[in-house]
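Okay, here's what each chain looks like letter by letter:
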Amino acid sequence: MQINDMARPLDGAGVSAFLDSLPARPLLLGLGEARHFVEELGEVRNEILRHLVEHEGYRSFAIESDCLKGLLVDEYLTTGAGSIDDVMACGFSHDFGTSPANRELVRWMRAYNEQHDERLRWFGFDGPVEYWAESPREAITGLYDLLDGPLPGTVVTRETLAALLGPDERWSDQATAMDPTRSIGQSADARRLRLITDDLVALLDTQAPRLGPDELDRAALYARTAVGLLRYHYWLADASPARWTRLSALRDAMMAANLRAVADRGPALVCASNLHLQRGQSVMAFGDQQLRWWSAGAITARHLGDRYAFLATALGTVGDDTPAPDTVEGVLSGLPWEHALVDARRLAGAVTGLAPRNSGDFAYFPLDPAQLDTVDGVVFLSRAVKVRPLG
(Lines give C-alpha, C1' and ligand atoms only; values in the text may rest on other atoms or scores of the structure.)
Protein backbone atom coordinates (compact mmCIF):
# COMPACT_ATOMS: atom_id res chain seq x y z
CA MET A 1 0.00 0.00 0.00
CA GLN A 2 1.46 3.34 -1.08
CA ILE A 3 -0.08 5.76 1.40
CA ASN A 4 1.99 8.60 -0.09
CA ASP A 5 -0.31 8.45 -3.12
CA MET A 6 -3.31 9.22 -0.89
CA ALA A 7 -1.74 12.18 0.90
CA ARG A 8 0.09 15.42 0.35
CA PRO A 9 1.84 17.97 2.53
CA LEU A 10 -0.57 20.12 4.53
CA ASP A 11 -0.24 23.59 3.04
CA GLY A 12 -2.43 26.16 1.35
CA ALA A 13 -2.27 24.42 -2.00
CA GLY A 14 -3.28 21.15 -0.35
CA VAL A 15 -6.27 22.73 1.38
CA SER A 16 -7.49 24.32 -1.87
CA ALA A 17 -6.99 21.04 -3.75
CA PHE A 18 -9.03 19.27 -1.06
CA LEU A 19 -11.88 21.77 -1.46
CA ASP A 20 -11.74 21.33 -5.24
CA SER A 21 -12.09 17.56 -4.82
CA LEU A 22 -15.41 17.81 -2.97
CA PRO A 23 -18.74 17.42 -4.78
CA ALA A 24 -19.77 20.92 -3.63
CA ARG A 25 -18.09 23.83 -1.88
CA PRO A 26 -18.93 23.43 1.81
CA LEU A 27 -20.76 26.09 3.77
CA LEU A 28 -19.25 24.51 6.87
CA LEU A 29 -15.80 22.92 6.87
CA GLY A 30 -15.41 20.97 10.09
CA LEU A 31 -11.90 20.56 11.47
CA GLY A 32 -12.00 18.01 14.26
CA GLU A 33 -9.58 17.69 17.15
CA ALA A 34 -8.37 14.28 18.24
CA ARG A 35 -7.57 15.88 21.57
CA HIS A 36 -8.12 19.29 23.11
CA PHE A 37 -5.16 21.41 24.24
CA VAL A 38 -2.66 20.18 21.68
CA GLU A 39 -1.03 23.47 20.78
CA GLU A 40 0.36 22.18 17.49
CA LEU A 41 -3.22 21.45 16.37
CA GLY A 42 -4.22 25.01 17.20
CA GLU A 43 -1.29 26.37 15.21
CA VAL A 44 -2.20 24.23 12.18
CA ARG A 45 -5.84 25.31 12.49
CA ASN A 46 -4.77 28.96 12.44
CA GLU A 47 -2.74 28.42 9.27
CA ILE A 48 -5.71 26.71 7.58
CA LEU A 49 -8.07 29.54 8.52
CA ARG A 50 -5.66 32.19 7.24
CA HIS A 51 -5.50 30.41 3.89
CA LEU A 52 -9.28 30.02 3.74
CA VAL A 53 -9.77 33.71 4.46
CA GLU A 54 -7.13 34.99 2.06
CA HIS A 55 -7.75 32.58 -0.83
CA GLU A 56 -11.14 30.86 -0.48
CA GLY A 57 -13.50 33.62 0.66
CA TYR A 58 -14.15 32.35 4.17
CA ARG A 59 -15.26 35.04 6.63
CA SER A 60 -16.41 33.13 9.74
CA PHE A 61 -14.88 30.92 12.39
CA ALA A 62 -16.80 28.80 14.91
CA ILE A 63 -15.36 27.03 17.93
CA GLU A 64 -16.61 24.49 20.48
CA SER A 65 -17.14 27.13 23.14
CA ASP A 66 -20.09 28.80 24.89
CA CYS A 67 -22.25 30.49 22.22
CA LEU A 68 -23.16 33.38 24.53
CA LYS A 69 -19.59 34.03 25.69
CA GLY A 70 -18.57 34.04 22.02
CA LEU A 71 -20.56 37.24 21.54
CA LEU A 72 -17.87 39.06 23.52
CA VAL A 73 -15.13 37.77 21.19
CA ASP A 74 -17.12 38.75 18.11
CA GLU A 75 -17.75 42.24 19.51
CA TYR A 76 -14.03 42.68 20.09
CA LEU A 77 -13.18 41.52 16.57
CA THR A 78 -15.73 43.75 14.87
CA THR A 79 -15.48 46.92 17.01
CA GLY A 80 -12.31 46.62 19.10
CA ALA A 81 -14.39 46.97 22.29
CA GLY A 82 -12.55 45.87 25.42
CA SER A 83 -9.09 44.33 25.57
CA ILE A 84 -7.74 41.04 24.35
CA ASP A 85 -6.96 40.06 27.96
CA ASP A 86 -10.61 40.53 28.93
CA VAL A 87 -11.76 38.66 25.83
CA MET A 88 -9.55 35.66 26.54
CA ALA A 89 -10.63 35.59 30.20
CA CYS A 90 -14.38 36.04 29.64
CA GLY A 91 -15.13 35.09 26.02
CA PHE A 92 -14.49 31.33 26.21
CA SER A 93 -15.75 28.28 28.06
CA HIS A 94 -13.96 24.99 28.78
CA ASP A 95 -10.73 26.88 29.64
CA PHE A 96 -10.11 27.51 25.91
CA GLY A 97 -9.22 31.14 26.59
CA THR A 98 -5.92 29.98 28.09
CA SER A 99 -4.72 28.52 24.77
CA PRO A 100 -1.89 30.54 23.15
CA ALA A 101 -3.12 29.43 19.72
CA ASN A 102 -6.61 30.76 20.45
CA ARG A 103 -5.16 34.05 21.64
CA GLU A 104 -3.07 34.35 18.47
CA LEU A 105 -6.13 33.60 16.34
CA VAL A 106 -8.15 36.35 18.06
CA ARG A 107 -5.24 38.78 17.62
CA TRP A 108 -4.89 37.96 13.92
CA MET A 109 -8.61 38.21 13.20
CA ARG A 110 -8.80 41.59 14.96
CA ALA A 111 -5.81 42.86 12.96
CA TYR A 112 -7.44 41.63 9.74
CA ASN A 113 -10.67 43.46 10.54
CA GLU A 114 -8.80 46.69 11.19
CA GLN A 115 -7.44 46.56 7.64
CA HIS A 116 -10.48 45.30 5.68
CA ASP A 117 -14.04 46.48 5.18
CA GLU A 118 -15.41 42.94 4.94
CA ARG A 119 -15.17 41.76 8.54
CA LEU A 120 -14.37 38.35 9.94
CA ARG A 121 -16.90 36.95 12.42
CA TRP A 122 -16.45 34.71 15.47
CA PHE A 123 -18.98 32.24 16.83
CA GLY A 124 -19.07 29.95 19.82
CA PHE A 125 -21.40 27.10 18.91
CA ASP A 126 -21.49 25.01 22.08
CA GLY A 127 -24.28 25.54 24.57
CA PRO A 128 -23.48 27.05 27.98
CA VAL A 129 -22.93 23.52 29.30
CA GLU A 130 -20.11 21.35 30.56
CA TYR A 131 -21.32 18.22 32.31
CA TRP A 132 -23.50 20.57 34.35
CA ALA A 133 -25.13 23.66 32.81
CA GLU A 134 -25.28 27.40 33.38
CA SER A 135 -28.32 29.40 34.43
CA PRO A 136 -30.75 30.23 31.60
CA ARG A 137 -30.98 33.82 32.91
CA GLU A 138 -28.85 35.49 30.23
CA ALA A 139 -30.66 33.75 27.37
CA ILE A 140 -34.20 34.27 28.65
CA THR A 141 -33.75 37.88 29.78
CA GLY A 142 -31.79 38.70 26.62
CA LEU A 143 -34.69 37.46 24.50
CA TYR A 144 -37.19 39.33 26.71
CA ASP A 145 -35.27 42.59 26.36
CA LEU A 146 -34.95 42.34 22.58
CA LEU A 147 -38.70 41.82 22.20
CA ASP A 148 -39.16 45.09 24.14
CA GLY A 149 -42.39 47.08 24.32
CA PRO A 150 -45.52 45.91 26.14
CA LEU A 151 -45.83 42.49 24.52
CA PRO A 152 -43.34 40.46 26.62
CA GLY A 153 -45.21 41.67 29.71
CA THR A 154 -48.30 39.87 28.44
CA VAL A 155 -46.32 36.64 28.80
CA VAL A 156 -44.56 37.35 32.12
CA THR A 157 -43.50 40.42 34.07
CA ARG A 158 -39.83 41.12 34.71
CA GLU A 159 -40.41 40.68 38.42
CA THR A 160 -42.00 37.25 38.02
CA LEU A 161 -39.27 36.19 35.60
CA ALA A 162 -36.58 37.21 38.11
CA ALA A 163 -38.35 35.34 40.90
CA LEU A 164 -38.68 32.16 38.86
CA LEU A 165 -35.02 32.25 37.84
CA GLY A 166 -33.82 32.92 41.38
CA PRO A 167 -30.08 32.82 42.19
CA ASP A 168 -27.89 31.59 39.34
CA GLU A 169 -26.02 29.31 41.76
CA ARG A 170 -28.98 26.95 42.08
CA TRP A 171 -28.81 26.32 38.33
CA SER A 172 -25.02 26.16 37.87
CA ASP A 173 -24.30 23.79 40.76
CA GLN A 174 -21.55 21.54 39.39
CA ALA A 175 -22.63 18.73 41.73
CA THR A 176 -25.67 18.21 39.50
CA ALA A 177 -23.41 16.46 37.00
CA MET A 178 -23.19 13.37 39.20
CA ASP A 179 -26.16 13.88 41.54
CA PRO A 180 -29.51 14.46 39.81
CA THR A 181 -31.18 15.23 43.13
CA ARG A 182 -29.20 18.49 43.24
CA SER A 183 -30.76 19.72 39.99
CA ILE A 184 -33.78 22.05 39.93
CA GLY A 185 -34.48 21.23 36.29
CA GLN A 186 -37.78 19.46 37.05
CA SER A 187 -38.95 21.86 39.75
CA ALA A 188 -42.20 23.80 39.49
CA ASP A 189 -40.25 26.99 38.71
CA ALA A 190 -38.28 25.30 35.92
CA ARG A 191 -41.41 23.77 34.40
CA ARG A 192 -43.11 27.16 34.38
CA LEU A 193 -40.04 28.75 32.81
CA ARG A 194 -40.19 26.22 29.97
CA LEU A 195 -43.76 27.27 29.19
CA ILE A 196 -42.88 30.97 29.44
CA THR A 197 -39.88 30.48 27.15
CA ASP A 198 -42.06 28.69 24.61
CA ASP A 199 -44.41 31.70 24.61
CA LEU A 200 -41.51 34.14 24.22
CA VAL A 201 -40.14 32.15 21.26
CA ALA A 202 -43.59 32.23 19.66
CA LEU A 203 -43.73 35.97 20.32
CA LEU A 204 -40.37 36.36 18.55
CA ASP A 205 -41.85 34.82 15.42
CA THR A 206 -44.63 37.41 15.45
CA GLN A 207 -42.20 40.30 15.99
CA ALA A 208 -39.44 39.24 13.57
CA PRO A 209 -40.38 41.79 10.83
CA ARG A 210 -39.66 44.77 13.11
CA LEU A 211 -36.20 43.56 14.14
CA GLY A 212 -33.05 44.43 12.23
CA PRO A 213 -30.90 41.55 10.90
CA ASP A 214 -28.41 41.68 13.78
CA GLU A 215 -31.17 41.98 16.38
CA LEU A 216 -33.01 39.04 14.87
CA ASP A 217 -29.87 36.89 14.84
CA ARG A 218 -29.20 37.77 18.49
CA ALA A 219 -32.81 37.10 19.51
CA ALA A 220 -32.80 33.73 17.70
CA LEU A 221 -29.56 32.79 19.48
CA TYR A 222 -31.08 33.67 22.86
CA ALA A 223 -34.27 31.76 22.00
CA ARG A 224 -32.63 28.48 21.00
CA THR A 225 -30.16 28.72 23.90
CA ALA A 226 -32.92 29.28 26.45
CA VAL A 227 -34.93 26.35 25.10
CA GLY A 228 -31.86 24.10 24.96
CA LEU A 229 -30.69 24.99 28.46
CA LEU A 230 -34.06 24.33 30.05
CA ARG A 231 -34.24 20.96 28.28
CA TYR A 232 -30.74 20.13 29.47
CA HIS A 233 -31.55 21.09 33.05
CA TYR A 234 -34.68 18.92 32.91
CA TRP A 235 -32.62 15.87 32.06
CA LEU A 236 -29.94 16.75 34.62
CA ALA A 237 -32.67 16.04 37.18
CA ASP A 238 -33.44 12.64 35.66
CA ALA A 239 -32.18 9.57 37.51
CA SER A 240 -32.79 6.94 34.81
CA PRO A 241 -30.01 4.99 33.03
CA ALA A 242 -30.73 7.03 29.90
CA ARG A 243 -29.67 10.27 31.60
CA TRP A 244 -26.20 10.72 30.09
CA THR A 245 -27.11 9.46 26.65
CA ARG A 246 -29.93 12.00 26.55
CA LEU A 247 -27.74 14.83 27.87
CA SER A 248 -25.00 14.09 25.33
CA ALA A 249 -27.53 14.05 22.50
CA LEU A 250 -29.15 17.31 23.65
CA ARG A 251 -25.79 19.07 23.81
CA ASP A 252 -24.92 18.07 20.25
CA ALA A 253 -28.38 19.05 19.05
CA MET A 254 -27.78 22.53 20.52
CA MET A 255 -24.43 22.64 18.70
CA ALA A 256 -26.07 21.62 15.42
CA ALA A 257 -28.72 24.35 15.71
CA ASN A 258 -25.99 26.94 16.23
CA LEU A 259 -24.01 25.58 13.29
CA ARG A 260 -26.98 25.95 10.96
CA ALA A 261 -27.18 29.60 11.99
CA VAL A 262 -23.46 30.01 11.25
CA ALA A 263 -23.93 28.41 7.83
CA ASP A 264 -26.56 31.03 7.00
CA ARG A 265 -23.77 33.65 7.02
CA GLY A 266 -21.65 31.87 4.40
CA PRO A 267 -18.57 29.62 4.43
CA ALA A 268 -17.09 29.01 7.90
CA LEU A 269 -14.34 26.91 9.43
CA VAL A 270 -15.67 24.99 12.43
CA CYS A 271 -13.34 23.61 15.09
CA ALA A 272 -14.36 21.06 17.75
CA SER A 273 -13.64 17.55 18.94
CA ASN A 274 -13.74 14.84 16.28
CA LEU A 275 -16.58 13.30 18.33
CA HIS A 276 -18.78 16.36 17.81
CA LEU A 277 -18.06 16.92 14.11
CA GLN A 278 -17.98 13.39 12.67
CA ARG A 279 -20.84 12.19 10.49
CA GLY A 280 -21.42 8.93 12.33
CA GLN A 281 -22.63 8.17 15.83
CA SER A 282 -20.37 9.27 18.65
CA VAL A 283 -19.34 6.60 21.15
CA MET A 284 -17.76 7.35 24.50
CA ALA A 285 -17.05 5.34 27.63
CA PHE A 286 -18.58 7.05 30.66
CA GLY A 287 -18.01 5.18 33.90
CA ASP A 288 -19.54 1.75 33.39
CA GLN A 289 -21.68 2.98 30.49
CA GLN A 290 -21.03 3.10 26.76
CA LEU A 291 -22.76 6.23 25.47
CA ARG A 292 -23.96 6.45 21.87
CA TRP A 293 -25.57 9.53 20.33
CA TRP A 294 -25.78 11.37 17.02
CA SER A 295 -23.11 14.04 16.81
CA ALA A 296 -23.58 17.67 15.82
CA GLY A 297 -21.76 16.82 12.58
CA ALA A 298 -24.19 14.01 11.78
CA ILE A 299 -27.20 16.27 12.42
CA THR A 300 -25.66 19.14 10.44
CA ALA A 301 -24.77 16.87 7.51
CA ARG A 302 -28.39 15.70 7.40
CA HIS A 303 -29.46 19.33 6.89
CA LEU A 304 -26.63 20.58 4.65
CA GLY A 305 -25.77 17.43 2.69
CA ASP A 306 -22.72 18.02 0.48
CA ARG A 307 -22.43 21.56 1.84
CA TYR A 308 -20.90 20.04 5.01
CA ALA A 309 -17.38 18.59 4.90
CA PHE A 310 -15.36 17.05 7.70
CA LEU A 311 -11.61 16.90 8.24
CA ALA A 312 -10.71 14.70 11.19
CA THR A 313 -7.35 15.14 12.88
CA ALA A 314 -5.04 12.43 14.09
CA LEU A 315 -1.73 12.47 15.91
CA GLY A 316 1.30 10.24 15.60
CA THR A 317 3.69 10.32 18.53
CA VAL A 318 2.29 12.27 21.47
CA GLY A 319 5.01 12.77 24.04
CA ASP A 320 6.28 9.23 24.62
CA ASP A 321 3.14 7.57 23.25
CA THR A 322 3.75 6.09 19.79
CA PRO A 323 0.84 4.43 17.92
CA ALA A 324 0.96 0.73 17.15
CA PRO A 325 1.60 -0.10 13.47
CA ASP A 326 -1.82 -1.80 13.09
CA THR A 327 -3.72 1.46 13.80
CA VAL A 328 -4.67 4.26 11.42
CA GLU A 329 -2.27 6.57 13.24
CA GLY A 330 0.46 3.94 12.98
CA VAL A 331 -0.05 3.60 9.22
CA LEU A 332 -0.04 7.38 8.74
CA SER A 333 3.18 7.65 10.73
CA GLY A 334 4.89 6.26 7.63
CA LEU A 335 4.18 9.47 5.71
CA PRO A 336 7.29 11.55 4.94
CA TRP A 337 5.77 14.88 6.06
CA GLU A 338 5.46 16.42 9.50
CA HIS A 339 1.92 17.63 8.65
CA ALA A 340 -0.13 15.85 5.99
CA LEU A 341 -3.59 15.99 4.45
CA VAL A 342 -4.90 12.50 3.63
CA ASP A 343 -7.75 11.42 1.36
CA ALA A 344 -9.71 9.48 4.00
CA ARG A 345 -12.03 7.65 1.62
CA ARG A 346 -9.17 6.27 -0.47
CA LEU A 347 -7.41 5.28 2.73
CA ALA A 348 -10.55 3.48 3.94
CA GLY A 349 -10.61 1.42 0.76
CA ALA A 350 -6.96 0.48 1.06
CA VAL A 351 -6.51 -0.48 4.72
CA THR A 352 -7.94 -3.60 6.31
CA GLY A 353 -7.63 -5.24 9.68
CA LEU A 354 -6.71 -2.08 11.56
CA ALA A 355 -7.69 -1.53 15.18
CA PRO A 356 -8.46 1.71 17.04
CA ARG A 357 -5.43 3.14 18.78
CA ASN A 358 -5.10 2.21 22.44
CA SER A 359 -3.85 5.40 24.04
CA GLY A 360 -3.06 5.87 27.70
CA ASP A 361 -4.38 9.42 27.39
CA PHE A 362 -8.11 9.37 28.23
CA ALA A 363 -8.51 12.74 26.47
CA TYR A 364 -7.31 11.38 23.09
CA PHE A 365 -10.02 10.01 20.80
CA PRO A 366 -8.39 7.78 18.16
CA LEU A 367 -9.66 7.40 14.61
CA ASP A 368 -12.03 4.49 14.17
CA PRO A 369 -10.98 2.51 11.07
CA ALA A 370 -14.61 1.47 10.56
CA GLN A 371 -15.69 5.10 10.13
CA LEU A 372 -12.96 6.30 7.77
CA ASP A 373 -15.33 6.19 4.81
CA THR A 374 -17.53 8.81 6.52
CA VAL A 375 -14.60 11.25 6.77
CA ASP A 376 -13.65 13.51 3.86
CA GLY A 377 -10.02 13.95 4.87
CA VAL A 378 -7.56 13.48 7.71
CA VAL A 379 -5.18 16.15 8.94
CA PHE A 380 -2.26 14.18 10.38
CA LEU A 381 0.45 15.56 12.64
CA SER A 382 3.36 13.15 13.00
CA ARG A 383 4.36 14.46 16.42
CA ALA A 384 2.83 16.57 19.18
CA VAL A 385 4.95 17.93 22.00
CA LYS A 386 3.00 20.92 23.34
CA VAL A 387 0.18 18.94 24.98
CA ARG A 388 -1.50 20.09 28.18
CA PRO A 389 -2.51 17.32 30.61
CA LEU A 390 -6.20 17.15 31.50
CA GLY A 391 -7.72 16.15 34.78
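Our structure is the block above this text.
Residues numbered from 1 in each chain as written. Predicted model: local features only at pLDDT ≥ 70, side-chain atom pairs only at ≥ 80, totals over all residues. Heavy atoms only, no water.

Caption draft 1: Structural view of the nonpolar core. Among the nonpolar cores identified, the biggest contains 83 residues, and V106 and W122 are the most heavily contacted of them. Ranked by residue count, the leading element in this core is strand β8 (residues 308–318), at eight residues. Those residues within four positions of V106 in sequence are excluded, and the remaining contacts are V73, Y76, L77, I84, V87, M88, F92 and W122. Ranked by size, the runner-up nonpolar core spans 26 residues in total, among them C67, L68, L161 and L165. (Core = buried A, V, L, I, M, F, W, Y, C linked by side-chain atoms within 4.5 Å. Buried < 20%, exposed > 50% of the residue type's maximum accessible area, 1.4 Å probe, protein only. Helix = DSSP H or I, 4+ residues; strand = E, 2+ residues; numbered from the N terminus. Contact = heavy atoms within 4.5 Å.)

Caption draft 2: View of the packing of helix α6 (residues 137–147) against helix α10 (residues 213–236). Their axes nearest at 8 Å, the elements α6 and α10 cross at an angle of 145 degrees. Considering only the axes of α6 and α10, their crossing is left-handed. Counting all contacts with α6, which are made through E138, A139, I140, G142, L143 and L146, the residues of α10 involved are E215, R218, A219, Y222, A223, T225, A226 and L230. When grouped by side-chain class, the residues that make up the contact of α6 with α10 number nine nonpolar, two polar and three charged. (Axes fitted to C-alpha atoms, helices over the stretch in contact; angles between N-to-C directions. Left-handed = near helix turned anticlockwise from the far one by under 90°. Nonpolar A, V, L, I, M, F, W, Y, C, P; charged D, E, K, R; others polar.)

Caption draft 3: Here's a closer look at the pattern of salt bridges. Summed over all chains, the structure comprises 21 salt bridges. Across the pair E56 and R25 runs a salt bridge whose closest N-O atoms are separated by 2.5 Å. A residue pair is termed long-range when its members are at least 10 positions apart, and E56 in the loop between α2 (39–55) and β3 (60–66) and R25 in the loop between α1 (12–21) and β2 (28–33) qualify at 31 residues. With a closest N to O distance of 3.6 Å, R59 and E118 form a salt bridge. Separated by 59 residues along the polypeptide, R59 in the loop between α2 and β3 and E118 in the loop between α5 (100–115) and β4 (121–126) bring together distant segments of the chain. By relative accessible area, E118 is classed as exposed at 51%. Here the residues in one salt-bridge network are D20, R25 and E56, joined through shared partners. (Salt bridge = Lys/Arg side-chain N within 4 Å of Asp/Glu carboxyl O.)

Caption draft 4: Local environment of the side chain of T300. Residue position: T300 is located in helix α13 (residues 296–304). Look past the residues within four positions of T300 in its chain and what remains in contact with it is L28, A256, L259, G305 and Y308.

Caption draft 5: Fine view of the layout of surface pockets. Its volume calculated, the largest pocket comes out at about 1200 Å³. Contributions of two or more residues to the lining of the largest pocket are made by α11 (243–263), α12 (274–277), β6 (281–286), β7 (289–294) and β8. Residues belonging to the lining of the largest pocket are distributed by class as follows: 25 nonpolar, 11 polar and eight charged. Of the volumes computed, that of the second largest pocket is approximately 510 Å³. R121, F123, D217, R218 and R265 are the residues nearest the centre of the second largest pocket, which is lined by 22 residues in total. When residues of the lining of the second largest pocket are traced back to their parent elements, those giving at least two are α3 (70–79), β4, α10 and α11. A per-element tally of the lining of the second largest pocket places α10 first, with seven residues. Its residues assigned to classes, the lining of the second largest pocket shows nine nonpolar, four polar and nine charged. (1 Å grid on protein atoms, 1.4 Å probe; cavity = no way out; pocket = protein on both sides within 12 Å on 5 of 7 lines; lining within 4 Å. Points joined across faces, edges and corners; volume = space filled by probe spheres on them.)

Caption draft 6: The arrangement of unusual backbone geometry in detail. Residues other than glycine seldom take positive phi values, yet F37 does so here, at roughly 65 degrees. Residue class for F37 comes out buried when judged on its relative accessible area of 15%. You will see that D95, though not glycine, has its phi angle at about 70 degrees, which is positive. Among the secondary structure elements, D95 is positioned in the loop between α4 (84–90) and α5.

Caption draft 7: Looking closely at the environment of A223. Take A223: it is sitting in helix α10. A relative accessible area of 5% places A223 in the buried class. In sequence terms A223 and Y144 are 79 residues apart; their C-alpha atoms lie 9.4 Å from each other. Among residues more than four places away in sequence, those in contact with A223 are L143, V201 and L204.

Caption draft 8: Highlighting the packing of aromatic side chains. As enumerated under the stated definition, the model contains eight aromatic pairs in all. Aromatic pair W108 and Y112: ring centres 5.7 Å apart, planes at 40 degrees, arrangement tilted. Separated by four residues within a single helix, W108 and Y112 lie in helix α5, roughly one turn from each other. According to the relative accessible area criterion, W108 is buried, its value standing at 12%. Relative accessible area serves as the criterion here: at 11%, Y112 is assigned to the buried category. The structure contains a cluster of three or more aromatic residues connected by ring pairs, namely F61, F92 and W122. A cation over a ring is seen here: R194 above Y234, with NZ or CZ 5.1 Å from the ring centre. Taking the ring centre of Y364 as reference, the NZ or CZ of R357 above it sits at 5.0 Å. (Phe/Tyr/Trp six-rings, centres within 6.5 Å; stacked < 30°, edge-to-face > 60°. Lys NZ or Arg CZ within 6 Å of the ring centre and 35° of its normal.)

Keep in mind these numbers describe shape, not what the thing actually does.
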